[in-house]
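This is what each chain is made of:
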Amino acid sequence: MNNRTTLIGALLLSSTMAMAELPDGYWTAEQTQPILDATLKVTLGVDLAHLTAAETRALAELLAAGWIMHSLYEDQLHPEANSAKQALDALHYTAAEKRDTTNLLDLYYLSKGPIVTTLDNERLPFLPVVDAVPGKNVYPPDLTREEFDAYIEARPGQTASLLAERAIVRRVTAENIAADLEMLGQYPAVDALHTGLRSKLEALDANASGLYAVPYALAYAPALYAAKKHLDTAAAILEPDAPDFAAYLRNRGRDLLSGDYESGDASWVSAEFRNLNLQFGSYETYNDSLLGVKAFYSASLLARDEEKSRALAAVMTELQSIEDSLPYEHQKRVRSHVPVGVYNVVADFGQARGANTATILPNDADHARKYGRIVLIRNNILTSPEIFEDRKRRYAAALDPGFHEHLTMDGGFNRTLWHEIGHYLGVSATADGRGLSEALAEYADFLEEMKSDLVSLYAAPRLQTIGYYDSEGMRAHYADGIRRTLQVVRPRPEQPYQNMQLMQFNFFMEYGLIEPSDESALLTINYDRYHEAVSELLAEVLLLQYAGDYELAREFIERWNYWDEMVHGKLAERMQQGARYRNTMVRYGILDD
Ligand SMILES: [Zn+2]
């Protein structure tokens, strides 16, 4: 059903019934308001006066391509996202009293779909849709980890295709196979780019139950085709001004249809793009709570901050010496040129939308080895006064007053910057040459993020030695490292960032780096224990990554991932009282939504 027919349907409906009450399944303003009251609203505006004429003209195409990523992302998260949004729009349009529906639209925007995280950190539908499942909409809804593991153990030949990061998993049914073959017929370019896909689909036995993988390129072909068109048009506009950017856009457009991101990654990471940059496609796997392997779609349109980017380039020469000092024995050669830039976010879409402070891509270990990884520091998020004030309130609610002034905006900027660079350092493959996500499955993200947090903290004293920091600058980096570990609610098992932060908190606590003060019972930081504690934990994480042993990783996480209501619960309660906001809703001046 298209927008128009939905709207007409809703208009007919509204003429036959009073709209005083919401239909079943829609949350009322009484239910939604507390969540929205706890949401910090930030609008990012970026001065784009320095763009070239061609860059300015290309904006509309790049944003249109971004919207397609956004819609695909919502569909990946929930099978009814797009239809539920249409129904909500129609309901809003016809509602006499719009408070309920305005709130629901805000909640949908915040949640990027019909499932919201409540103030108790539960995931619940606020529109009349089915409950969320761990595999979201990229696996059969009833598939469990146990069934999947048993299935691939019996059929090892299918493991690689089913675990592919850019393929959805379906059950073998006559309807599914027929629909996929029909789509393949409609998109001959996808057929041509995926050798063997047609014969594989044709060979499936519809009478035998089982699972099969369908490349995103086929499953989402109509949307990806449309996105490629926008990228190609933007490339044609940008060609004379920014040929590297144009080449990247053409490569990335093709990548969408091939499902192989190598050409786009290679032409993106270290190229010269002038004033704009675009992160585009499916990269991060955080939303896959079933197996942690499926990538979700995103786009970020970014404007380069030339002055801040140049200031960073100088300190990058220290990377090899930091790598060489890390507490492990398998040091690698680090690129002398790490493409790190400071950007202001123009607009984010899909998985990238939110208050993310930085990005480093690609994740693919082979691409990173061959081409490096681009680091995009998101300046207007990191230096947003509203976001910093909110963070500081939370920190101040948990820390002894003697430590409050140690937290600064620059400290957060630098800790984040070195977290991203931390992804460049340390272990990138297991001892026996496997990729970390292959070896460690759902624990891979967890350990990788923890490593990067710790490398950032580990590097701080060295940065002081070389004059990058004065003592206050380093202390601010350290203070932000503690702020980062504070949890305002108990994390759910599938939240890699929050759980690894909680584990750091527990380690730091047991190590005596942080401890409650006698007078206030609030936390104090023993800065003189900092480097030792960080070194010890980092050594353990690097060892686990290098070993690539799933069971060892599980034991490590079980050892450190705990929550004690008397300790963590009490601190969380303090922070909940001290800080107003639990969520951040980011809007973009350039988008009129
Ligand atoms: Zn990271």
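Small disclaimer: the values here were computed from a predicted structure and weren't measured.

(A) Inspection of the overall build of the chain at higher detail. Scanning the chain from terminus to terminus reveals 27 helices and 13 strands. Computed over C-alpha atoms, the radius of gyration of the chain comes to 24 Å, within 12% of the 25 Å expected from 2.2 N^0.38 for 593 residues, which places it in the range of a compact globule. In terms of overall dimensions, the chain has C-alpha extents of about 65 × 55 × 55 Å along its principal axes. Here the chain, with 593 residues, has 54% of them falling under the buried criterion. Considering only contacts within the chain whose residues lie at least 6 apart along the sequence, 76% involve residues at least 24 apart. As displayed, the chain has an accessible area near 24,800 Å², and 51% of this comes from carbon and sulfur atoms. Across the chain, the 55 positively charged side chains and the 85 negatively charged ones have centroids separated by 3 Å.

(B) Empty space enclosed by the protein, seen in detail. Overall, the coordinates contain four cavities of 30 Å³ or more when judged by the stated rule. Computed from the structure, the largest cavity encloses a volume of approximately 90 Å³. Secondary-structure elements contributing two or more residues to the lining of the largest cavity are α18 (379-382), α19 (385-398) and α20 (409-422). Tallying contributions element by element places α19 first for the lining of the largest cavity, with three residues. In terms of residue class, the lining of the largest cavity is built from five nonpolar, three polar and two charged.

(C) Structural view of the side chain of Q504. When you line up the elements, Q504 lands in helix α24 (residues 496-511). Here Q504 falls in the buried class, since its relative accessible area comes to 0%. Contact partners of Q504, with chain neighbours within four places excluded, come to M450, D453, L454, L457, T485 and L537.

(D) Region of interest: the environment of R310. By secondary structure assignment, the location of R310 is in helix α15 (residues 306-315). On the basis of relative accessibility, which here comes to 60%, the residue R310 falls in the exposed class.

(E) Region of interest: the nonpolar core. One finds L62, M69, Y220, F245, L249, L278 and F280 to be the most contacted residues of the largest nonpolar core, which totals 109 residues. Top contributing element to this core by residue count: helix α3 (residues 53-77), with eleven residues. Membership of the second largest hydrophobic core comes to 78 residues, among which are L326, A459, L523 and L542.

(F) A look at the coordination of the zinc ion. Protein coordination at the zinc ion comes from H419 (NE2), H423 (NE2) and E449 (OE), with a distance range of 2.1 to 2.2 Å. Spacing between the donor residues of the zinc ion along their common chain follows H-x3-H-x25-E. Judged by relative accessible area, H423 falls into the buried class, the value being 9%.

(G) Molecular detail of the pattern of salt bridges. The tally for this structure, following the rule as stated, stands at 30 salt bridges. The residue R145 makes a salt bridge to E442 at a minimum N-O spacing of 2.8 Å. One end of the pair, R145, is in helix α6 (residues 145-154); the other, E442, is in the loop between α21 (436-440) and α22 (444-465), and 297 residues separate them in sequence. The partly exposed category is assigned to R145, whose relative accessible area is 21%. In this structure E442 comes out as partly exposed when scored by relative accessible area, which is 29%. One continuous salt-bridge network, built from bridges that share partners, spans R415, D453, D480, R483 and R484.

(H) Structural detail: the side chain of D288. Mapped onto the fold, D288 is located in the loop between β6 (276-284) and β7 (296-304). Although D288 is buried, it makes no salt bridge; K294 carries the closest opposite charge, 6.4 Å away. Apart from residues lying up to four places away in sequence, D288 is in contact with P134, Y139, V293, K294 and F296.

(I) Summary view of the sheet that holds β7. Read across the open sheet, the five strands follow the order β6-β7-β8-β10-β9; overall the sheet is mixed. Two strands in the sheet have a free side with no partner beyond their single neighbour: β6 and β9 (358-361). Mean inter-strand twist for the sheet, computed between neighbouring axes without regard to direction, equals 35 degrees. Two strands pair when backbone bridges link them, and β6 and β7 are joined in this way by eight bridges, in the antiparallel orientation. Paired with Q279 across the two strands is S300, which belongs to β7. Along the sheet, α15 makes contact with β7 and β8 (340-350), crossing β8 at roughly 130 degrees.

(J) Structural detail: the packing of α19 against helix α27 (residues 565-578). In contact at an axis separation of 8 Å, α19 and α27 are set at 140 degrees when each is read in the N-to-C sense. When the interaxial angle is binned, α19 and α27 end up oblique. α19 and α27 meet at a crossing whose hand is right-handed. Listed contacts from α27 to R393, R394, A397 and A398 of α19 are L571, R574, M575 and G578. Here the contact of α19 with α27 is built from residues that sort into four nonpolar, one polar and three charged.

(K) How the structure looks around the packing of α24 against helix α26 (residues 550-560). Running from N to C, α24 and α26 cross one another at 65 degrees; their axes reach a closest spacing of 9 Å. Between α24 and α26, the residues in contact are M503, N506, F507 and E510 and F556, I557, R559 and W560, respectively. Residues belonging to the contact of α24 with α26 are distributed by class as follows: five nonpolar, one polar and two charged.

(L) Quick peek at the packing of aromatic side chains. One pass over the structure, following the stated rule, counts 24 aromatic pairs. A ring pair is formed by Y478 and Y527, whose centres lie 6.4 Å apart and whose planes are at 15 degrees; its orientation type is stacked. Taken together, the residues Y478 in helix α23 (residues 471-485) and Y527 in the loop between β12 (523-525) and α25 (530-547) connect sequence positions 49 residues apart. On the basis of relative accessibility, which here comes to 4%, the residue Y478 falls in the buried class. Judged by relative accessible area, Y527 falls into the partly exposed class, the value being 22%. Centroid distance Y478 to Y530: 3.5 Å. Interplanar angle 5 degrees. Geometry classified as stacked. Here Y530 lies in helix α25 and Y478 lies in helix α23, a separation of 52 residues in the sequence. Judged by its relative accessible area of 0%, Y530 is buried. These aromatic residues form a ring-pair network of at least three members: F245, Y248, Y261, W268, F273 and Y283.

(M) Broad picture of the environment of G45. Following the sequence through the fold, G45 ends up in the loop between β1 (39-44) and α3. Considered as a pair, G45 and E536 are 491 residues apart in the sequence and their alpha carbons are 42 Å apart.

Conventions and cut-offs
Residues numbered from 1 in each chain as written. Predicted model: local features only at pLDDT ≥ 70, side-chain atom pairs only at ≥ 80, totals over all residues. Heavy atoms only, no water. Helix = DSSP H or I, 4+ residues; strand = E, 2+ residues; numbered from the N terminus. Rg over C-alpha atoms; globule rule 2.2 N^0.38 Å. Buried < 20%, exposed > 50% of the residue type's maximum accessible area, 1.4 Å probe, protein only. Contact = heavy atoms within 4.5 Å. Areas by Shrake-Rupley, 256 points an atom, 1.4 Å probe, with all protein chains shown as cover. Lys, Arg positive; Asp, Glu negative; His and termini not counted. Charge placed at Lys NZ, Arg CZ, Asp CG, Glu CD. 1 Å grid on protein atoms, 1.4 Å probe; cavity = no way out; pocket = protein on both sides within 12 Å on 5 of 7 lines; lining within 4 Å. Points joined across faces, edges and corners; volume = space filled by probe spheres on them. Nonpolar A, V, L, I, M, F, W, Y, C, P; charged D, E, K, R; others polar. Core = buried A, V, L, I, M, F, W, Y, C linked by side-chain atoms within 4.5 Å. Donors = N, O, S within 2.8 Å, 3.2 Å for Na, K, Ca; no water. Salt bridge = Lys/Arg side-chain N within 4 Å of Asp/Glu carboxyl O. Pairing = 2+ DSSP bridges. Axes fitted to C-alpha atoms, helices over the stretch in contact; angles between N-to-C directions. Parallel < 35°, antiparallel > 145°, perpendicular 65-115°, else oblique. Left-handed = near helix turned anticlockwise from the far one by under 90°. Phe/Tyr/Trp six-rings, centres within 6.5 Å; stacked < 30°, edge-to-face > 60°.

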